[in-house]
Amino acid sequence: MNNHKLKIQSECPFCGKQYDLSSLRVISERPQGLLAHLTCSVCRGSIITFVSVSAMGTVTATGVATDLAEDEVLKFEKGKTVSADEVIEIHELLKKGRLDVGNW
Ligand SMILES: [Zn+2]
């Protein structure tokens, strides 16, 4: 039995369409959770989302709009090792609703 439903920001903030979660690309996986990129199949708008799982097994996801394309984010990630502290920092920025990936 799996009662854990992945609650993710599933509506495009640009056009309001449901995201096709198969377009989710994991950028970075850390003990605190994972950072993923989603591109809307309708308007090609992109969000970066941070998905975390608590010790209780609760899944939370926070997303912010980004103007970075998936390959740009992946390229960016490849060029830099993100520390656990930075992941927490990203999570904080996501909570505040602002994240400038270019400044990691
Ligand atoms: Zn869209």
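Residues numbered from 1 in each chain as written. Predicted model: local features only at pLDDT ≥ 70, side-chain atom pairs only at ≥ 80, totals over all residues.

K.L.:
Before we go on, may I ask you to explain the overall build of the protein in this structure?
P.N.:
The helix and strand tally for the protein stands at two helices and four strands. In the protein, the succession of α and β elements from N to C terminus is β-β-β-β-α-α. Here the protein, with 104 residues, has 21% of them falling under the buried criterion. Of the contacts formed within the protein by residues at least 6 apart in sequence, a portion of 50% connects residues at least 24 apart. (Helix = DSSP H or I, 4+ residues; strand = E, 2+ residues; numbered from the N terminus. Buried ≥ 20, exposed ≤ 12 C-beta atoms within 10 Å, placed from the backbone. Contact = placed C-beta atoms within 7 Å.)

K.L.:
What is the right way to read the nonpolar core from this model?
P.N.:
Across soluble globular proteins, nonpolar side chains have a tendency to be buried as a group. Ranked by size, the top nonpolar core spans eleven residues in total: Cys12, Tyr19, Leu35, Ala36, Leu38, Cys40, Ile47, Ile48, Phe50, Val51 and Val64. For this core, the secondary-structure elements that each account for two or more residues are strand 2 (33–39) and strand 3 (46–53). Among the elements that take part in this core, strand 3 stands out by supplying four residues, more than any other. (Core = buried A, V, L, I, M, F, W, Y, C linked by C-beta atoms within 7 Å.)

K.L.:
Help me out: how do you make sense of unusual backbone geometry in this one?
P.N.:
It is generally the case that most residues other than glycine have a negative phi and that most peptide bonds are trans. Notably, Arg44 is not glycine yet its phi reads approximately 65°, a positive angle. Mapped onto the elements, Arg44 comes out in the loop between strand 2 and strand 3.

K.L.:
Would you mind going over the sheet that holds strand 3 with me for this structure?
P.N.:
Two modes of strand pairing occur in sheets, parallel and antiparallel, and in both the strands are linked by backbone hydrogen bonds. Spatially, the four strands line up as an open sheet ordered 1-2-3-4, and their pairing is antiparallel. The two strands at the open ends of the sheet, each matched to only one other strand, are strand 1 (25–30) and strand 4 (59–66). Going across the sheet, the axis of each strand differs from the next one's by a mean of 20°, ignoring polarity. In this structure, strand 3 lies alongside strand 4, joined through eight bridges in antiparallel fashion. Across the sheet, residue Ile48 finds its bridge partner in strand 4, namely Val64. (Pairing = 2+ DSSP bridges. Axes fitted to C-alpha atoms, helices over the stretch in contact; angles between N-to-C directions.)

K.L.:
Honestly, the pairing of strand 1 in this entry has me stumped. Any pointers?
P.N.:
Note on strand geometry: in a regular strand, side chains alternate between the two faces of the sheet. Strand direction decides the pairing type here: strand 1 and strand 2, joined by five bridges, are antiparallel. Bridge pairing in strand 2 places Ser28 opposite Leu35. Counted between consecutive antiparallel strands, the loop separating strand 1 from strand 2 contains two residues.

K.L.:
What is the right way to read the pairing of strand 3 from this model?
P.N.:
By the criterion of burial, strand 3 is predominantly enclosed, with six of the eight residues buried. By the bridge criterion, six bridges tie strand 2 to strand 3 in an arrangement that is antiparallel. Bridge pairing in strand 3 places Leu34 opposite Val51. Linking strand 3 to strand 4, which pair antiparallel, is a turn of five residues; within it Gly57 sits at a positive phi near 90°.

K.L.:
What should I look at first to understand the environment of His37 in this one?
P.N.:
Its location among the elements puts His37 in strand 2. Here His37 falls in the buried class, since 25 other C-beta atoms lie within 10 Å of it. In this structure, the C-alpha to C-alpha distance between His37 and Ile47, residues ten residues apart in sequence, is 5.9 Å.

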